[in-house]
Amino acid sequence: MALDFLAGCAGGVAGVLVGHPFDTVKVRLQVQSVDKPQYRGTLHCFQAIIKQESVLGLYRGLGSPLLGLTFINALVFGMQGNTLRALGRDSPLNQFLAGAAAGAIQCVICCPMELAKTRLQLQEAGPARTYRGPLDCLAQIYRQEGLRGVNRGMASTLLRETPSFGVYFLTYDVLTRTLGCEPGDRLLVPKLLLAGGTSGIASWLSTYPVDVIKSRLQADGLQGAPRYRGIVDCVQQSYRDEGWRVFTRGLASTLLRAFPVNAATFATVTVVLSYARGEEARLEGDAGSATLAQPSSL
């Protein structure tokens, strides 16, 4: 569990630093008004944010995911590894179930963290801003709406995270085995990057429409009166007003983000675990037992 925690934290930090600008663009595209759209697409959104707010605007809300990384990655990689061991057999079904369990359990932290991130990404810049940071954002929401407000979007987060993490870990395991990721391979790091990045894309494609609904529910009421009564009402209103394409809004920036983020995350986790286990083997005088440590087969 200590190694799961260390490797998960390192991978999470790498992933967030690489991908947060894309996430900011995704959220702004998802929640912008259909009547008066502020951005014409992914590239225009990037350019507008940099022009109006500088590069730092792309990293608005970064503190929230960084604060939650320690707990989220410890839960994800610890839960996935322990669930897989408890199931007793390393099969594709068990890989999916272990990943799904990891995705479900981390929603307890992920949902409030993403709520704060979304609010910070959407607030106006300057001294008149509503929130000073992620903790201040959650504190204000708690004072105004209580615990229910802090957990806004929990149901949609569960609907997104549970199957997507199953797909995530299953895809990574299949790809690393197919590509033959073994210690000493001179192409090991590129293979890990390819497997991790592809896993991230597969994971997002599996549940992306649910992410659109989650973002809209968490941003609801921030810039005007609340519109949605729940998940079903949000789906119905969104489809009625904007058609089916609304459920793919921001997908391009998400997929652009998914590959480098998850490539960095999984490669970092695997390398850290492999190095740590290699050090353990060396200290125990059993150099021959050091093998590539994959998160999916802990």
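Criteria and cut-off values
Residue positions are given per chain, counting from 1 as you read along its sequence in written order. Only residues with pLDDT of at least 70 get local features here, since the model is predicted, and only at 80 or more are side-chain atom pairs given and counted; chain-wide, interface and lining totals rely on the full set of residues. Water and hydrogen atoms play no part in the side-chain values, which are based on all heavy atoms of the structure. UniProt positions are given in the numbering used here, feature names are shortened, and annotations may be inferred rather than shown by experiment. Pairing of aromatic rings covers Phe, Tyr and Trp, the last through its six-membered ring, and needs centres within 6.5 Å; plane angles under 30 degrees mean stacked, over 60 mean edge-to-face, and all others mean tilted. Helix numbering and strand numbering both begin at the N terminus, where a helix is a DSSP run of H or I of at least 4 residues and a strand a DSSP run of E of at least 2. Each residue is assigned to one of three classes by its accessible area relative to the maximum for its type, calculated with a 1.4 Å probe on protein chains only: buried under 20%, partly exposed between the two thresholds, exposed over 50%. Should any heavy atoms of two residues lie within 4.5 Å, those residues are considered in contact. The salt bridge criterion pairs a side-chain nitrogen of Lys or Arg with a carboxyl oxygen of Asp or Glu, the two atoms within 4 Å.

As annotated in an unreviewed UniProt entry, the protein carries the name Mitochondrial basic amino acids transporter and is attributed to Ovis ammon polii. Database annotation for the protein, UniProt heading Sequence similarities (unreviewed entry): "Belongs to the mitochondrial carrier (TC 2.A.29) family." Per UniProt, the comment on the protein under Subcellular location (unreviewed entry) is "Mitochondrion inner membrane".

## A short note on the packing of aromatic side chains
As enumerated under the stated definition, the model contains eight aromatic pairs in all. Residues Phe 22 and Phe 46 carry aromatic rings whose centres are separated by 5.4 Å and whose planes lie at 80° to one another, so their mutual orientation is edge-to-face. Separated by 24 residues along the polypeptide, Phe 22 in helix 1 (residues 2–31) and Phe 46 in helix 2 (residues 42–53) bring together distant segments of the chain. On the basis of relative accessible area, Phe 46 is assigned to the buried category, the value being 15%. Chaining the aromatic ring pairs together yields one cluster made of Phe 165, Tyr 168, Phe 169, Tyr 172 and Phe 266.

## Describing the side chain of Arg 28
Mapped onto the fold, Arg 28 is located in helix 1. Excluding residues that lie within four positions of it along the chain, Arg 28 makes contacts with Tyr 39, Cys 45, Ile 49, Glu 53, Gly 57, Arg 60, Gln 121 and Leu 122.

## So, the pattern of salt bridges
Per the counting criterion, the structure on display carries 18 salt bridges. Between Glu 53 and Arg 28 there is a salt bridge; the shortest N-O distance is 2.9 Å. In this pair, Glu 53 sits in helix 2 while Arg 28 sits in helix 1, placing the two residues 25 residues apart along the sequence. Asp 233 is the salt-bridge partner of Arg 229, the closest N and O atoms lying 3.4 Å from each other. By relative accessible area, Arg 229 is classed as exposed at 75%.

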